Amino acid sequence: MESTKSVTNEQLSTLHFLFGKNLERATRIVDQRGVKRISGEPSGRSIFQVVGESRRKEEYLCFPEHYCGCYSFFYDIVNRGEQLCCKHQLAARLAAALGACTEVGVSDEQLAILFSNL
């Protein structure tokens, strides 16, 4: 996906098998340009900010492979072990692979403040 910036039908089928309904929700978020990669300068460290699907359009900070601040992450993934990741993590991974993130540069100090709010 990363090299071609597209998804084949075979890849899509595999992703749907693994993630089910979360894939559909994550692709909606990506299609609506709801993923930002916030990168600190000069360190290059980054975190993703992903818009939720509720009417409130809450934004969740997440590390795609390790953490999301949403309720589903703690309830479905950490507590119950029912999912591999939440839709926000999946949206961040898809957007990064497809080059569909909005890139936002901030100072390392501003990024540290975001991290401290996790």
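Residues numbered from 1 in each chain as written. Predicted model: local features only at pLDDT ≥ 70, side-chain atom pairs only at ≥ 80, totals over all residues. Heavy atoms only, no water.

K.L.:
What is the right way to read the nonpolar core from this model?
P.N.:
Soluble globular proteins: nonpolar side chains tend toward being buried together. Val35 and Val50 are the most contacted members of the largest nonpolar core, which totals 24 residues. When contributions to this core are tallied by element, the ones reaching two or more residues are helix H1 (9-19), helix H2 (21-31), strand S2 (46-51), strand S3 (59-63), helix H3 (71-79) and helix H4 (87-98). For this core, the element with the highest residue contribution is H4, accounting for 5 residues. Those residues within four positions of Val50 in sequence are excluded, and the remaining contacts are Ile29, Gly34, Val35, Glu58, Glu59, Tyr60, Cys62, His88, Ala91 and Ala92. Core analysis: the next-biggest nonpolar cluster, separate from the first, contains 5 residues, Ile38, Ile47, Leu61 and Leu111 among them. (Core = buried A, V, L, I, M, F, W, Y, C linked by side-chain atoms within 4.5 Å. Buried < 20%, exposed > 50% of the residue type's maximum accessible area, 1.4 Å probe, protein only. Helix = DSSP H or I, 4+ residues; strand = E, 2+ residues; numbered from the N terminus. Contact = heavy atoms within 4.5 Å.)

K.L.:
Could you clarify how one ought to interpret the sheet that holds strand S1 (residues 35-41) in this entry?
P.N.:
Within a beta sheet, neighbouring strands are joined by backbone hydrogen bonds and run either parallel or antiparallel to one another. In space, the 5 strands of this open sheet follow the order S4-S3-S2-S1-S5, with mixed pairing throughout. In this open sheet, the two edge strands, each paired with only one partner strand, are strand S4 (67-68) and strand S5 (102-107). Summarising the sheet, S3 and S4 pair through 2 bridges and their orientation is antiparallel. Paired with Cys62 across the strands is Cys68, a residue of S4. Most of the contacts of helix H5 (residues 108-116) go to S5, to which it runs at about 105°, and overall it touches S1, S2, S3 and S5. (Pairing = 2+ DSSP bridges. Axes fitted to C-alpha atoms, helices over the stretch in contact; angles between N-to-C directions.)

Any functional reading would require information beyond the geometric quantities listed.
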